[in-house]
Amino acid sequence: MAIKIIATLVWTAGLIGVVKLLSGNDLAQYAAIFILSGLYALLIDKLPSPRNHDEGY
């Protein structure tokens, strides 16, 4: 679970940096947010998550 929290914090810092870098260009900001959001979803999906051993998985 900690790896997902760290990944989220790193992604958030990257997103803030990109948005600040592209300030003044709304279309580029929207595109960057869209692309980075998709990458975040893929990253979080691929990271291992703790399994609940009580459910027998």
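Keep in mind the model is a prediction, meaning the values are calculated, not measured.

A. Fine view of the packing of helix α1 (residues 2-21) against helix α2 (residues 26-46). Two elements in contact, α1 and α2, have axes whose closest approach is 10 Å; the angle formed by their N-to-C orientations is 170°. By the angle between their axes, α1 is roughly antiparallel relative to α2. Residues K4, A7, T8, W11, L15, V18 and V19 of α1 touch α2, and the partners they reach there are Q29, A32, I33, L36, S37, Y40, L43 and I44. For the contact of α1 with α2, the residue count by class is eleven nonpolar, three polar and one charged.

B. Expanded view of the side chain of Q29. Mapped onto the fold, Q29 is located in helix α2. Q29 gets classed as buried once you look at its relative accessible area, which sits at 14%. Beyond its immediate chain neighbours, meaning those up to four positions away, Q29 contacts V19, L22 and S23.

C. Highlighting the packing of aromatic side chains. Under the definition given, this model contains one aromatic pair. Between W11 and Y40, the aromatic rings sit 4.6 Å apart at their centres with planes inclined by 35°, giving tilted as the arrangement. On the criterion of sequence distance, the pair formed by W11 in helix α1 and Y40 in helix α2 is long-range, its members being 29 residues apart. A relative accessible area of 21% means that W11 is categorised as partly exposed. Given a relative accessible area of 23%, Y40 falls into the partly exposed group.

Calculation notes
- Residues numbered from 1 in each chain as written.
- Predicted model: local features only at pLDDT ≥ 70, side-chain atom pairs only at ≥ 80, totals over all residues.
- Heavy atoms only, no water.
- Axes fitted to C-alpha atoms, helices over the stretch in contact; angles between N-to-C directions.
- Helix = DSSP H or I, 4+ residues; strand = E, 2+ residues; numbered from the N terminus.
- Parallel < 35°, antiparallel > 145°, perpendicular 65-115°, else oblique.
- Contact = heavy atoms within 4.5 Å.
- Nonpolar A, V, L, I, M, F, W, Y, C, P; charged D, E, K, R; others polar.
- Buried < 20%, exposed > 50% of the residue type's maximum accessible area, 1.4 Å probe, protein only.
- Phe/Tyr/Trp six-rings, centres within 6.5 Å; stacked < 30°, edge-to-face > 60°.

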